[in-house]
Amino acid sequence: MQNIRLRFAPSPTGPLHIGGLRTALYNYLIAKNKKGKFILRIEDTDQSRFNKNAESHINESLKWCNIIPDESPENPGEYGPYRQSERADIYRKYVDKLIDTGHAYYAFDDKEELESQRKKSEKEGKTFIYNWENRHDFKNSIHLGSDEREKLIKQNNYVIRFKSYFKEKEEDFIIINDEIRGKIKVDLKLLDDKIIFKKDGMPTYHLANVVDDHLMKISHVIRGEEWLPSLALHFLLYDSFKWEKPLFAHLPLILKPSGKGKLSKRDGEKFGVPVYPIKWEENKNIKYIGFKEIGFEKEAFINFICMIGWNPGSTEEVFNTNELIDIFDIDRIIKSGAKYDFDKAKWFNSEHIKKIDSNILISENESDILKIFRDEIDQKRIPEIINLVRERVEFKKNILEESKAILKYDQTQFKENIKKLKFSKKECQIISHFSEKIVEKNKEDIKELFFKSLKESEIKVGDGMKRLRLCLTGNLSGADLFTIIKILNIGALKERISISLNTINDQNRNN
Ligand code: GLU
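Throughout what follows, the structure given in this document is the object of discussion. (Residues numbered from 1 in each chain as written. Predicted model: local features only at pLDDT ≥ 70, side-chain atom pairs only at ≥ 80, totals over all residues. Heavy atoms only, no water.)

### Comments concerning the site of the ligand
Rule in force here: Nearness is defined per residue: one heavy atom within 4 Å of the molecule or strand is enough. We call two N or O atoms a polar contact when they sit within 3.5 Å, provided that within protein one can donate a hydrogen and the other can accept it, with sequence-adjacent residues counted only if both atoms are side-chain atoms. Per-residue and other accessible areas were derived by the Shrake-Rupley procedure at a 1.4 Å probe size, with only the shown protein chains allowed to occlude residues. Each residue is assigned to one of three groups, with Ala, Val, Leu, Ile, Met, Phe, Trp, Tyr, Cys and Pro labelled nonpolar, Asp, Glu, Lys and Arg labelled charged, and all others, Gly among them, labelled polar.
Taken together, Arg7, Ala9, Pro10, Ser11, Glu43, Tyr205, Asn209, Arg223 and Trp227 are the residues near the ligand. Measuring from a nitrogen atom of the ligand, one finds a side-chain N or O atom of glutamate 43 at 2.6 Å. A distance of 2.9 Å separates an oxygen atom of the ligand from a polar atom in the side chain of arginine 223. Burial of the ligand by the surrounding chains reaches 85%, relative to a free accessible area of 300 Å². Partitioning the shell around the ligand into residue classes produces four nonpolar, two polar and three charged.

Written out as C-alpha cells, the structure reads:
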C-alpha cells in the first residue's frame, strides 16, 4: 500500500482558529489511524497577508492539543524545507516545465488594463474572466512575437497563468472526485486562467500547494470547503505534470452559534464565545482568550472539535484522542455545515472531568480543602469530596469553589431560608434526635434511622430531608445530603444542628 502521509498547510495570516484546528485534527487522526505521517507545512507565499506571530500561534496551539507533527519546520524530515517561502527555487523549476509543455504562459498585462476590462464586463452585467475565450486579446506570450516576448520577460514584469482550457483539448469536462461529496463534473470552459506565479517571483497558493503535495508525497488532502472551487484547477495541474493525484476531501463549514453562516473571528466577540484554542494577542488592546485559558481539558476540547462535523455512528460521544484515532474515518464526516455550540463544549469538558484519575484531582485540591475545613472533615474523606464534586463542575478550576459551596455551613443563608420553611416542634425534635444519635460508627445506617423516625412521626421524607439539609448546610438544595453527612465529622454535624435549632428556638420565642 502507498505510504500514508497527510498534511496541515495553514497560511500564517493570523491566529489559528477552531476551523483550522479541526482541519489539522482530522488530518492527524486519519494519519495516525492509518499508521501514517502527519506533516505541518507553512504556506507563506503571500507576503502581503503575512503575520509574524501566526506561525508560533499555530505551533503553540497544536502543541497544547498534542497534535504533534512528524515533520514540520521545527522538526524537518526528508522532504523539506517545510516553509514555502524557503522553496522559491523549486517552484520556479516547475513553472518553467509548465511553460515548456504549453500548459502555462507569461502575461504582461498591467493592472489598469485588466481593471478597465473588469469594469466593462460589470457594466454589461457579466463576470470578467481571463480564459480561452479572450486570452488572445491580451498582452501575453501566446500571441506576442518572440522578440517582444523575450524583451518583456527580461524586464521581469510578468505573471504566469495556467491555461485551463484550450480548444485542442480532447474533453470539455472533467470529473473531479471528493471523498466526502463524491464525483463532481466541471465544465473546463468556465474556468479562468489562474495566475500561478506572481511578479515577486513567488508562486501563488495553487502551484505551490500542488507541487509541495506531490514532492512531499502527500496521500490525502483534507482541507476546508472553501478550497473546493480550486479542486478542478488542482486536478488540471496534476494532469499537466503527469503526476498521480492524492485523495481529496473538503470539510464542511463550522457555522456560527446561531447556525446562520460561517463562523468568523468576529463571532467570538459577538456571541461571547472563544474561537481560538489558545490566547491571541494582537496588541496591548486587542487580546482574545482561548479554550486553554478558560480552563478546558485539552482532551475535552479535541473531543468537542472532532464532533463538529463528524460522528462515530453510535450515540456515544465522549472519547479521548487515542480512542478517536482508533475509530475515526473519512466516511462519517458530514457534508453539510455544523453549528458551533459552546454549551456543548462545556458539556464535553464536564464529561472528561468525570474520567480524570481521582488521584490527580485529589492531589490538586487536597491541601486547599483541608485548609478551609480542617476542623470539620478528616483527610480520609477527601476522595469522597472529589467524587461528589467532580460530577457537578464544568471546569477543573471550579472544584475547590464547588467543594466550599457543598460543605460549608452558611448561616446567613440559613436565616434567609428559615423564613421560607417553617419547622414544627416534631420536626425540631427529630432533627435534635438525629444529632444525639449520630456517631462515626453508625453513619452508614443513619439514613435508615432518620427515615424511620420521620415515618413514625408521619412526616414526609421530602419535608424531613429538606429541613435536615437546611440545618446542616443553610441551603434548601444541593449535593446528596447523606454523602455530605458522611464527609463531615461528628463535631461539625452536631455543632451545625445545634446552631440551627437554637436560631429556630430564638425565633419561635420572639414570635
Ligand atoms: N494554505 C491553505 C489554507 O491556509 C491550505 C489549503 C490546503 O490545505 O490545500 O487554507
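Next, the rest of the story.
### A closer look at the sheet that holds strand β3 (residues 104-107)
Think of a sheet as strands paired side by side through backbone hydrogen bonds, with each pair either parallel or antiparallel. Rule in force here: Here, any two strands with at least 2 DSSP bridges between them count as paired. Helical segments are the DSSP runs of H or I of at least four residues, strand segments are the runs of E of at least two, and each set is numbered from the N terminus. Lines fitted to the C-alpha atoms define the axes, with helices restricted to the stretch that makes contact. Angles between their N-to-C directions range from 0 to 180 degrees.
If you trace the three strands from one edge of the open sheet to the other, you get β3-β4-β7, paired in antiparallel fashion. Both edges of this open sheet fall to β3 and β7 (195-197), since each of them pairs with a single strand only. The mean inter-strand angle of the sheet, taken between neighbouring strand axes irrespective of direction, is 45°. Bridge analysis of strand β4 (residues 159-162) against β7 gives two bridges, and the strand direction is antiparallel. Paired with arginine 161 across the strands is isoleucine 195, a residue of β7.

### Some words on unusual backbone geometry
The line we're drawing: For each residue, the accessible area found with a 1.4 Å probe, counting protein chains only, is set against the maximum for its type, and the residue is called buried under 20%, exposed over 50%, and partly exposed in between.
Put simply, glycine 80 and proline 81 share a cis peptide bond, and its omega is -5°. In this model, asparagine 156 sits at a positive phi of 60°, which is unusual for a non-glycine residue. Locating asparagine 156 in the fold gives a position in the loop between α5 (146-154) and β4. Not every positive phi belongs to a glycine, and glutamate 458 is a case in point at roughly 55°. Here glutamate 458 shows up in the loop between α18 (446-456) and α19 (461-473). Relative accessible area serves as the criterion here: at 74%, glutamate 458 is assigned to the exposed category.

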